[in-house]
Each structure stands twice: as structure tokens, then as C-alpha cells.
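# Structural description and commentary
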Amino acid sequence: MSDETQHRRDLERRVSVLLADHPPGSTDRLDFLRAQFDAGLAWVHFPQGLGGLGLAREHQAYVDALLQAAGAPDNDPWRIGIGLGMAAPTILAFGTEEQHQRFLRPLWTGEEVWCQLFSEPGAGSDLAALATRAFPDGDEWVVTGQKVWTSSAHLARFAILVARTDPTVPKHAGLTYFVCDMSDPGVEVRPLRQITGEAEFNEVFLSDVRIPDSYRIGAVGQGWKVANATLNNERVAIGGGAPREGGMIGVVADAWRNHPERRTPELHARLMSLWVEAEVARMTGQRLRQKLAVGAPGPEGAAMKVTFARIAQELSGLELELLGEDGLRFQDWTMTRPERVQFTGRDAGYRYLRAKGNSIEGGTSEILRNIVAERVLGLPAEARTDKDVPWKDLER
Amino acid sequence: MSDETQHRRDLERRVSVLLADHPPGSTDRLDFLRAQFDAGLAWVHFPQGLGGLGLAREHQAYVDALLQAAGAPDNDPWRIGIGLGMAAPTILAFGTEEQHQRFLRPLWTGEEVWCQLFSEPGAGSDLAALATRAFPDGDEWVVTGQKVWTSSAHLARFAILVARTDPTVPKHAGLTYFVCDMSDPGVEVRPLRQITGEAEFNEVFLSDVRIPDSYRIGAVGQGWKVANATLNNERVAIGGGAPREGGMIGVVADAWRNHPERRTPELHARLMSLWVEAEVARMTGQRLRQKLAVGAPGPEGAAMKVTFARIAQELSGLELELLGEDGLRFQDWTMTRPERVQFTGRDAGYRYLRAKGNSIEGGTSEILRNIVAERVLGLPAEARTDKDVPWKDLER
Amino acid sequence: MTAVPNVADNVTTGLAPASDLVLLSTEDEQALRDSVRALLASRCTPDRVMAIFDGDDSLRQPLWTALAVDLGLAGLLVPEEAGGAGGSARDAAVVLTELGRVVAPVPFLSHSVVAATALLPSGDRELVAELASGAVTVALLTPLTASAGSFSAAVVGEDIGISGRVPVVAGALEAQLLLVPVRVADGVELHAVEADALGVTVAPVVSLDMTRQVADVALTGVASRVVVGADAGDSAVRRALLVGAALLASEQVGVAERCLEDTVAYLKQRRQFGRVLAGYQALKHRLADLYIEVESARAAAQYAAAAAATDDPDLPVAVEVAQAYCSAVAVHAAEECVQLHGGLGMTWEHPAHLYLKRAKADQLAFGSSGEHLARLAELVGLPPA
Amino acid sequence: MTAVPNVADNVTTGLAPASDLVLLSTEDEQALRDSVRALLASRCTPDRVMAIFDGDDSLRQPLWTALAVDLGLAGLLVPEEAGGAGGSARDAAVVLTELGRVVAPVPFLSHSVVAATALLPSGDRELVAELASGAVTVALLTPLTASAGSFSAAVVGEDIGISGRVPVVAGALEAQLLLVPVRVADGVELHAVEADALGVTVAPVVSLDMTRQVADVALTGVASRVVVGADAGDSAVRRALLVGAALLASEQVGVAERCLEDTVAYLKQRRQFGRVLAGYQALKHRLADLYIEVESARAAAQYAAAAAATDDPDLPVAVEVAQAYCSAVAVHAAEECVQLHGGLGMTWEHPAHLYLKRAKADQLAFGSSGEHLARLAELVGLPPA
């Protein structure tokens, strides 16, 4: 019997036991999720005792399929994406045993929502220039500063946070990584309205927020290294397996099919070109996932993200042209705070505007092109004058 | 009577006199051209006595029209374009009275063809890095080095030449500008074959070529300034007034009209897009010329050249796709040395290959974008480490 | 290397030639630009414009009065003898560029350009004078997306009055008087209808571009009077839409040039990694390319305006070229403006989105790029496959 | 900002699903690649390839013999029991990528892929075995520009033999045997004809890409023998053209990846203005974009090859996608290679032009991009206007 078959048999057995002990139809959702975690079936590539079984990552899809078929609840991964995609792998890699025990289970079950406090108004692409300060005070740190682009901040119990603990050393060296309790009275969350009219993100103002040293992730001054691990996870998360005509291309192709009266040869030429590009991007993502399954993630994820952003933007722009009269209409400009993002949801105008963010959020396309050029093609890095200067002496 | 009308009356009178004294039907071509020069009707914006009348440049078109209508010969401007467009204005601006008298008349009549010895294998965009050396020797200079991309070198009597007279100062400061007699025994011209198969340009090898100091244009060490004046003239020369569907777009539009059987909607969409771009470029050139007529040439010419190159390349690429089967054929790969360039001449394959040079010759599109960014938009110049270092100490 | 592309190295074709038009501003045009720009700088600030998206349009009426009445732009295209300023399409282009530069929420295009052009053949001198003075704001009842080539009248005359529905009309919300193309047996008549007359519904549309908010208009048995007869109505409307499209290009140039300027200014001060962003060559080259596009769009828009001003035979080609080109440039400039402002460009507080929304809505106005290219193909003899 | 585009955030359609194919090379495929690459590195140098443009094609025959016979690639797609190597379309794709990397002037595509695929249904085992061994080089008599969708047989049978003209045939100059699609009453037969038979004229064409020189072939009353009957001939030819198009994409990937590699290497050593060119950000970003294109083309080409290898139902879509995409990427990469080599890239001495000519000719091969997009539109239910 192959390893593959043996793993599957073993997982089937474990799922059966879980389902037998906690019949989805009659078990409380949270109880089920906790049991799933404790059975190591939450994320099988995590270690035993932390929701996993130490298996390869791709086995999880099989477990999920079995559970879904049995009508089991899921942990609403889109609601807790930051916890799952960014906080959890970082805590696992850099956290202490105590931190693993405290944070991972309620993170995975969704009992505790997480957000990310990295970006600042003055530190976007140049994240390491961030100015939020953390001063030591006994067994605690006292944190003051301003963060932006924080999704779920108003729903979150915890945040992963990078702050400056030493301004006298060069900027990358003076950072430390923390878990921040969002219920601290020094945390103020304000909605940050976007060009779509809604506030999907927040600004977070930190005023003398107190963080116990036991909530520090990694060593003092190692914050840049830890943060980079988080961000790499972010980029890898992009471009998950989608079917043909998944995403924006499906929406626009359907608009084409549904509006024969608005077709022009010029739009058809552009649509077909973009259909090809979207399909090739899908294949490229598929190939990248096959590569990841047998090796470590490389900077190729950056390339995928550039492509997806461009295609989504061109498609959503084309959709408005296709709609003509109706392209001039917009659903609603009222300020709202959505719980999750729907890139292809709402109306065409919303899609067009929201897609503009795709090439900015999670690394601008410009930065990602630098990454591809430097890390994949080995071209020289941009000239830097800020690497060896103490942060406090940098021009701003 | 307006100034404009007065100028026209005066020019009509002068043309009448020239034609009466030298009836085109019975006058030797060269005699006529010399007489035209001496009448100040060669380039009316040049000073009196040097082929002009000190008028504004745009009056020449009126003179040329009158002469053409009367069946007068022309000086075959495409054959002697480098003399007319580059050498002449530079000699006029920086040359001595003696040099004006010696060079300008036979240059304009075409009796003496000129070429340009600027670029070197190691100094393309970075022209100021050139390595050809000129050593003083009494009243003469002795020049040794290698030049490339010299059109008409095998036909030329004279060349404008930039050489390094002082390697111990920074690269821009050590250059001097000369007139080089191409009949010097130290000049060797070898055809430089291009990707089209033909050798439109040459490599020129200079071995102890002797140049009298009286052939120096501008002061010793001022070669960079003089050369820049030449190059600015080169860029201004681009994009002269063309009718609608002039140039490459006309060729491709006719191919479309003549090959109904090869039309596809996709090609039509691309053709129409390029038709619009070509027409807008034509209008932009027209607007730029109106601007030049009332003021000095600015760096906007650089922008035009980028556009023309791109459009020519896209159009010639599209033409091959339109031709299908016939796009696979090429007229002739035999090495030849054409006397003049026909960008839209020969067959479609030739046009496609030759157009690739449009974004390289006379300033690459990359350098021209730098010029637009820095001189028009005022963006910071590229970091330079080579400006203050003696040329001899530069890394190569 | 010294040889250069020779655009004169051309072939001859049977194509209708381009016209030799002046593409630079005259001194009068520059003076007009300066006065409009000065007024807009003090009155039409980004925060006031932005407030319109949240329902506060207190900017709109006073700004329009200042432009239409105080500066006399309501009747810019109306001859002096008919009570107007006797300006040309070139002047209107100058105004539109300035309005585009600040995304001004005023019905200049719908009233002073489109409605005025449509009404000019009318014998109703009183109405023309009211339009010209700015006393009455007028809108031609056509969808903003309609073009001279695609227009067909949706309203018909019945015994009880005129009836029909016209979607996404620009300027209808601001208008006191609607100019309605009515389909009759022997052509199209233009009827005048009070905007608050019985049977008229002007339903505001939540618009992608709230600074040019459109409305769906329905007429049900509305009493009206004919102001342009059936012999001239159709051509009056088409002419108005053609001139509208010609001059929209200048608004698009205004949007584009302002986006470029703001982006350049921002990148010159924003630092990342110890350097101002404007010094990064990849951004420099993109801005250079954008500059080239904007200057090209400027030439195309000026050619179209000049052709409209002299009723040049090349106007139809000029309009399709200008619209096919300038629409895309304005969108591109606004998109680059958002992108190169980074996160800031995605925020509601920064005005970049105002330009993006105007540019994208303008792209849909007076016909799609496919329509423009298709008509151009016909005009220049390049038939489709 | 942390939200990311969610491609799984999709809508469902009635569209035929994509197939789940392996897009990475197997170990066997990597070994094949290594051996082909090693042979080409020593035998197929740029100067020898370039000499072909000046009439010296002494490289061609020995190189083809080494590949076809010594490495056994003549019969790569022929089953072992029929005398071939029993490889798959994936293996042929590996070979084509390597051939593309050096613009190898050998008839692998025309013989080992197209002719072999067309001949597979034949009952003439001897002929198949000769093709597979490389003893006889074979070309299918179709224009290089023909595609599965556009193919129609131009040769007809008459009493005196078969007659017709087929322009721009690839591989005809190298072939000892021509495989001729002949139009007959009840379909298309494939006939075998000796290239030097009476009535056969193979006229070399001065080709844009002399490394795949095409020929105009004329047949006048030529004696021939049927090797695939009228029931199977048409589908055999279409299948051959479909597989040819699928695998051409891998050659295009080879061209593109080599252009990218050479350009990167050149820019890393070429200095201007005191810095290596590879450090200029505008060039870095262009190379990054080109890398993204090349990797995308690789995925599309591998999907097409994998689909051809398993005769997947998605093959028709895979081919149109791969051709519509990879053709343009190869051209773009070759154009960037010329441009970023500056003047050097315009010289005959530098091999960049070999890639440009191959890439451009490949773009015309097996159908134009318009044809690919039109057929794709039909396959995926996106009808034209």
C-alpha cells in the first residue's frame, strides 16, 4: 500500500471517529470545531497537539472534503483569514510553547478573531520605516503609534503587531513583534473609508497600550525577520486553486453572455484576450501549487499576484464598458463596514473600484516586480541609503 | 501689408530672379544648387552669405514649393541628411567664419557628403564614455579609435567626430569636437551588417588619423556641449509634417484594403487602434511644429520619437500577421549597402526588422523616457557615480 | 546611429486629407482659461466636490451660477446677436479642460454645449436668450451614452402629449427646461418641456460619477411646445451630440493632466526606502509614458475642438479619433494616479477617486470605444472582417 | 492592507471544466531535456545557425541525423511496437523547448510531430518504421500557416496522378517523402510521394526564418500511393495540425526563456553611466514582467502538451489558449532581447535576430492569433458581436 493510500485510510478513520463522537447534526458548532482541532484534523500540517498531525499540507483538502460531505460545520475561513493565513503560521514558527497553547485553538475555531497591525501612514511599501514605538516597562511594553489598513480590527480580539523598540539602530534592526490585545483601553479603532464608499479596513490608534512581554513573538529586535515570515505567508495565500472562469473573468464572461445587445467586435477582442490571460493565469497558479506541494514557496507567488491584479483590473474596467448605460449606475455610496470582502460581489462599479486595490494591498505591484527582478532574476537591488543609518536619523 | 505677406512677396521676387538667371531646364543641376545657395534660398533661416536670409525657418517650405513648381532640382535631402540636419547647424553655431565658408556650401549642394563619428561599441547611450583618443601634435591632432553606426561613411567626404583629448578629467570634460576628412589614409570603413541582412551603417576604424587644428569645432574640452547641440538637432528633425496615413500606417492600411481575404476581427481591432494612435501622433507632431515655429525646441521631440518608434514597430508586426503565408517570405538576405534608408520600403519582413531600430538609433526609447521624466516633468536624475571621476579611472 | 524614422516616407492614398488647424491656444483662449481656473480654484475645492457623494451638493448651484451667469459661460456658444457670448467650440474646450481639472459638478457640457448646440436652429429667440443668459438651465433629453451615430428618439407624440423614457440623462437634475427629441411621422422634433411639468419624472440615479449625476427621465402625456421642427430636429440632435463628443475630449484632457500633475507632485515628496519615489526609474518611465499620452490627447482634443469651431469637413473623423483616444488616456491617468498614490489613493479622503470615477464615466459618454472605432473604420475606408 | 484577491470567490458556469493535469516535468522528462541540451550545446552554435542565412546549411543534415537517429527522436511519438521510442507529447514538448532555445534548424516539428501524428493511423507499417528510425524524413504537405480549424486539402487526384500547389510548407526541403492530403469524393486521403518523383517541384522560399525554411510545393500529375484512406485522412491531418499547434507552444517557450536569459546576462555585465544596466529599475521591471509572461507561457504550453499526451477532452481549448498566448510571448521576448541589447541587438553578428525571426514566423504558424481567439470563443461559448 502506498504512503498516499495509507495516509488517506488513516485520515478516513480519524474523520469517522470525530463524526461518530460529534455528530454534526446534533453537536454545537463550536464544540465540533474544538473537537476537530483536538483530533488533529484542523490543519493536518500543524504538529500533533496543535490541531494537526504533522502531515503534508495538501492532505487537509481531503479531510475537508470528507467533513463537508458529512455536513460538518466549517470555521468560516474567510472571516478569520488573517488569523489562519498570517498569525497562525507565524506564531507556530516563532512563538513559545505557551503561546502555541494559548492562541492557536481559539484562533482556528474562530472564537478569537485576529487582525494585523503592520502598515502605517508613513510606512507603506517601506514597512521597516514604521514609527510606532514600544517602550519596555517592567514585564510589559508600552506601545504608542498609528496603524492603517487593518481589516477586521473592530471585530478582532488580538492583533499581530510590529513596533519599534530601538530607534538608535538601523531601521530593520530596531523592530519587535508582539501579540496585541485589542480590548486594551489604549486601542482605538476607526473605520477607514475607501474609494468604494465602504470601510473594509480601519485605522488603529495605539495610546500607551500595555502588552505583557509574554506576548512578544521572537526576540527583541527580531521583528523584521518575524514580520517577513508573516508577509511571505500572505503572498503564498494568493491565487488558490480556482476553476476555469473562476473569479472576475466569470463575472464578465457571464455579462457578455447575458447582454448580446451590448456586444461590439472591439469588446469581443479584448474579452477574448483577457479570457486567455485569465485562463493562463489559472494554469500558472495550478503549476505553482504543484511546485509548492513538492518544495518551499519561492518568490514566484509575487509574480502571480501581479498578474491577478492586472487581469482583475482590466476585466472590471471592461465590464463597465460592456454595460454601457448601466455602467453609469452605482449601487450605493453609503458608508458601511462589511464583515468580509467580496471582490466580485456587488455591482460592476464596485468591482471596478475595489479591484484597484488589488495592486496595492499585500505588496504593491511595483514592489513585487522588484522582488521578482531581484530574487528570481538576480538583478541588482535598488540603491539604498537607509540601511545602515540609525532610524532616528533618517530623513522623512 | 503684413510682415508675412511682405516676406512672401520678397521671396517670390528672389525666386523669380534665380529662376530667370538659371532656368532649370537648361542649367546644370549643381550650378543651379550653387546659385540657389548664393541667392540665400538654400535655408532661409541661415545668415546671409551662408545660403540664407536670416528669416524664420518656416519660410523655406514656401521657397521649396515655388522652386518645385518651377521644376527646379533639389539637393536630394535624404542622401545628405546628416550634413543638413546635424553637421550644418553645429558648424553654424560653433564653427569659425573660415569653417562656415569652407564647409557649408558644398555640404548643402551635396558635393560633399557628411557622416557622423560619435557612437562606439562601448559608448552607446552613454556617449560621453567614448574612448577614441585625439593627441595634439603641433598644429594637428592624431586620432585613434573605433566608431560604429556610421551611415554614409563609405560615401562621405567629411565627418563630424567627437574624440577624447583629456582622459585625466571626468568624462564629459575631456572631449573635443572635430571635422574629420574621411579621405585620410588612417580612416578605414567597414560595412556593419544589420538584422535585415543589409549594411546601412558602417564601422569606422581610425588609426593615427591626422586632423588640422583648424578643423576643430568649438574649444578643446567643449566637445560634449557641441555634440549635444548636434544631437538635439537630430531629435528635432524627427516627425516632420506628414499627411494622414503617411508612413507605416499607410502601408499597413493599404495592405488591409488590398487583402480582404486575410481580415479577422481581432486584426481589425488592432489596426483601428493603431490607426488612431498614428493619427494622434500626426496631430501631436503638427502641434509640436506649430510650437517650434514660435519658440525654441524643447525635450518634447524626445516624446514624439518614442511614440513614432512604438507605432512603427506595432504596425509592422501586425502587417506580417495580416499577410499570413506571405509573411513567412523575405525578399532577400544578400548583404547590400543601400545609399539611403527606406523605412517603409522593400517588403513587410524588412519593415518589421528595420523598425526595431527605430527605438534604438538616435537615442533609445529608454534614454528618451529619462529625458522626458527629468527635463519635462522635473523628476530626479538617475544616480550617477561616473560624473566626477577622471575618465581613465572609470570601471568598464 | 543616425538614421531616424521618416514619417514623410509615405504612400499616397485616396483618403480624405486631414485639415491644417491651429492646435495652440490663442491669447484670448489663455485669458479665458486663467479666469475660469481662478474662479474654480477658490470655489471648487476637493472636499466640497467629495461631499456630493454623501448627499451634500450645496456646491453645485452657486458654482454653476458663478460660471454660467457671472462669467457668462451659459451662452458661450450662442452668437452675440442671440444673447450669448459668441465664443467658439475652442473656447468651450478651454472651459471644459478647466472643469475636468477639478471635476467640477456643473452642467456646462449638458447645457452650454449640448443643449445650446441643439437649440441653435430654433426660431424661439426668447428661449435661446434665456439659455444664453443662464436664467434657465436646459438639458437635451438623450442618454449620456448616446452618440451622433447611435441616437434614436425614444419619446413619441400622442394626443394627450408626449411620452417616453430616457435613461441616464446628464444635466436633467439641474435643468429647469428639458429639450425633448420627439419622434414624429416625418422626422424628429425638439420639444420644450418644463422640468416640473405634470407627467414629468426625473429620477436621480445613484451614479458612478456623482459629480455628473445622471437621471432616468420618464414623460407620460406631457404638454409640450415645438421649438425645432421635424425638418431640423434630427440633425440638430446629432450635431449637438457630435459637438458634445468633440469637446468631451477636452474635459478628458483636463482630468488626465491634473492626475499627472498631482501624481508627479506626490511622488516628488513621498519617501520610501530613503529615497523620494519620483527618483525610481520604473516610476519615471511610467510617468514619461503618461506624459506622452496626455500631450497626445491634448493634440487630438484640440484638433477636434478646432474642427468643431470651423465646422471643418474633417470633424467626423476628428471626433471619433479624439474620443477613441482621449477616453482611454483619462482613464489610464486616473488609474495611475490611484496606483502611484498607493494606499492613500484608495482612501475616500484623497481626491484621486473623484478623477477615476469621472474618467470612467466619461469613457461611457457619447458612445463606447468600439462604436467610435467602428464609425471611424467606415469614415476612413477600413472595412471590418 | 491585508485582503487579497480571491480567485476562489467565483461564479459557477456551464462551461466545460479544465482538467487537472501535471504541469511539472517528470524525472524522465528532465533527463531527456538534459541529453538534448547537451547535444545542442556542442553541435548547434549560433554562428553555424546564422550561416544558414548566407546559404551555408552544412549544420542542418548532421545535426538532424544526430537528433533523429542517434538520440532516436525521429520516432519519439511512434509507439515502440511500431518501431518508435514510444514517447508522449510531453516528451516532444521537452525536445521542442530545447530546439527553440537554440533556434535549431531541424525538421523535428514537421517530421517527428506533424508527419508522425498524421501517419500513425496508416496501415503502412514499413513506412511508419522508416519514419520512426529516421531513415526517411517525412513532411506533411500543408502550409505552415494551416491549422486544424482552417485546413482544406489543395491537392486533387486525377487520372494521370495527383496535382496541386501547396505554399510555404515546413520540412519539405529536408524531406525524402511527402505526405500529401488529397481531396477525393468521399473525404481526404493521405498519399505518399517521393520528394524527387517526377512532377514534384519543391521550390525553396527565401524565408523570414531561414532556420525553418519553407518551400512552395507543386505537384503535377504525380504518381502516388495511398497510405491513409478517405475515412481517416481528414481527421489524421487535423489531429496532426492540432498536436503541432499544441507543441509549437513549447518551442515558443524555449525561444522566450532563452531570450530572457540572454538579456538578463547581458544587462548584468553591460555598463552605461557608471552602472550595470541590470540595476536600472525601469529595465528591472520590464524583465520582471517578461519573466511573468514566460512562466505563464510555460504553464500554458505544459497544459497543452499534457492534454495532447493524454488526449484530454480539453485539448482543443488548451491548444487555442496556448497558441493565443505563447506566440505573443515569444515575439515579445525576442523583441525585448533586441531592444535591450541596444545597437548590438540590431547587428547581424549577434544572435538576437535569429530568435526574433523564429518567434515572428512561429506566430504565423498553425493559424493567426485572430483564428485562435475566434475558435476559442466558439469553444467556450462567448459568441462574437
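Residues numbered from 1 in each chain as written. Chains lettered and ligands numbered in written order. Predicted model: local features only at pLDDT ≥ 70, side-chain atom pairs only at ≥ 80, totals over all residues. Heavy atoms only, no water.

### A closer look at the overall build of chain C
Of regular secondary structure, chain C possesses 11 helices and 10 strands. Its C-alpha atoms give chain C a radius of gyration of 21 Å, near enough to 21 Å, the size a compact globule of 385 residues would have. Taken along its principal axes, the extent of the C-alpha atoms in chain C is 75 × 55 × 45 Å. Here chain C holds 385 residues, and 66% of them are scored as buried. Pairs at least 24 residues apart make up 75% of the contacts formed inside chain C by residues separated by at least 6 positions. (Helix = DSSP H or I, 4+ residues; strand = E, 2+ residues; numbered from the N terminus. Rg over C-alpha atoms; globule rule 2.2 N^0.38 Å. Buried < 20%, exposed > 50% of the residue type's maximum accessible area, 1.4 Å probe, protein only. Contact = heavy atoms within 4.5 Å.)

### With respect to the packing of helix 1 (residues 3-21) of chain B against helix 3 (residues 59-69) of chain B
Relative orientation and spacing of two packed helices are given, respectively, by the angle between their axes and the distance between those axes. Residue and element names in this part refer to chain B. The geometry of helix 1 relative to helix 3 is characterised by a closest axis approach of 10 Å and an angle of 40 degrees between their N-to-C directions. Taken together, the axes of helix 1 and helix 3 are oblique relative to one another. The two elements helix 1 and helix 3 cross, and the hand of that crossing is right-handed. In this structure, helix 1 contributes Glu-4, His-7, Arg-8, Leu-11, Glu-12, Val-15, Leu-18 and Leu-19 to the contact, and helix 3 contributes His-59, Tyr-62, Val-63, Leu-66 and Leu-67. Looking at the contact of helix 1 with helix 3 residue by residue, the classes come out as eight nonpolar, two polar and three charged. (Axes fitted to C-alpha atoms, helices over the stretch in contact; angles between N-to-C directions. Parallel < 35°, antiparallel > 145°, perpendicular 65-115°, else oblique. Left-handed = near helix turned anticlockwise from the far one by under 90°. Nonpolar A, V, L, I, M, F, W, Y, C, P; charged D, E, K, R; others polar.)

### Let's talk about the pairing of strand 2 (residues 133-137) of chain B
All names here are of chain B. Here five bridges tie strand 2 to strand 3 (residues 140-151), and the two strands are oriented antiparallel to one another. Within strand 3, the residue paired with Ala-134 across the bridge is Val-143. Between strand 2 and strand 3, which pair antiparallel and follow one another directly, the connecting turn spans two residues, one of which, Gly-138, has a positive phi of 65 degrees. (Pairing = 2+ DSSP bridges.)

### Re the interface of chain B and chain C
If you look at the interface, chain B gives 72 residues, while chain C gives 57 residues. Taken together, the connections running from chain B to chain C amount to 19 residue pairs in polar contact (both at pLDDT 80 or more). Contributing elements (two or more residues each) for the side of chain B that touches chain C: helix 4 (81-94), strand 3, helix 7 (248-258), helix 8 (265-293), helix 9 (300-323) and helix 11 (365-376) of chain B. With 17 residues, the top contributor of residues to the side of chain B that touches chain C is helix 8 of chain B. Per-class residue counts for the side of chain B that touches chain C are 32 nonpolar, 21 polar and 19 charged. (Polar contact = N/O pair within 3.5 Å; in protein donor to acceptor, adjacent residues only side chain to side chain.)

### As for helix 10 (residues 348-355) of chain A
Because each turn of an α-helix spans 3.6 residues, side chains separated by three or four positions in sequence point in the same direction. Burial analysis of helix 10 of chain A places eight of its eight residues in the buried class, the great majority of the element. Considered for burial, the residues of helix 10 of chain A that qualify are A:Ala348, A:Gly349, A:Tyr350, A:Arg351, A:Tyr352, A:Leu353, A:Arg354 and A:Ala355. Buried residues along helix 10 of chain A sit in contact with strand 7 (201-212), helix 7 (248-258) and helix 9 (300-323) of chain A together with helix 9 (315-340) and helix 10 (352-364) of chain C.

### Comments concerning unusual backbone geometry
Residues and elements named next belong to chain C. Its identity as a non-glycine residue notwithstanding, Phe-273 has a phi of 55 degrees, on the positive side. Within the fold, Phe-273 resides in the loop between strand 9 (271-272) and strand 10 (275-276). One non-glycine residue with positive phi stands out, namely Asp-311, at about 50 degrees. Tracing the backbone shows Asp-311 in the loop between helix 8 (281-309) and helix 9.

### Let's talk about the domain arrangement of chain A
Bring the parts together and some accessible area is lost; that lost area is often taken as the interface size. Annotation of chain A at the domain level lists domain 1 (3-74), domain 2 (83-223) and domain 3 (227-376). A separation of 32 Å is found between the C-alpha centroids of domain 1 of chain A and domain 3 of chain A. (Domains from an automatic or database assignment.)

### A look at the interface of chain A and chain D
Taken together, the 73 residues of chain A in the interface contact 57 residues of chain D. On inspection of chain A and its partner chain D, the count reaches five salt bridges. With a shortest N-O distance of 3.6 Å, D:Glu295 and A:Arg287 are connected by a salt bridge. Inspection of the region where chain A meets chain D yields 19 residue pairs in polar contact (both at pLDDT 80 or more). Elements with a minimum of two residues in the side of chain A that touches chain D: helix 4 (81-94), helix 7, helix 8 (265-294), helix 9 and helix 11 (365-376) of chain A. Considering each element in turn, the side of chain A that touches chain D owes the most residues, 18 residues, to helix 8 of chain A. Broken down by class, the residue content of the side of chain A that touches chain D amounts to 32 nonpolar, 22 polar and 19 charged. (Salt bridge = Lys/Arg side-chain N within 4 Å of Asp/Glu carboxyl O.)

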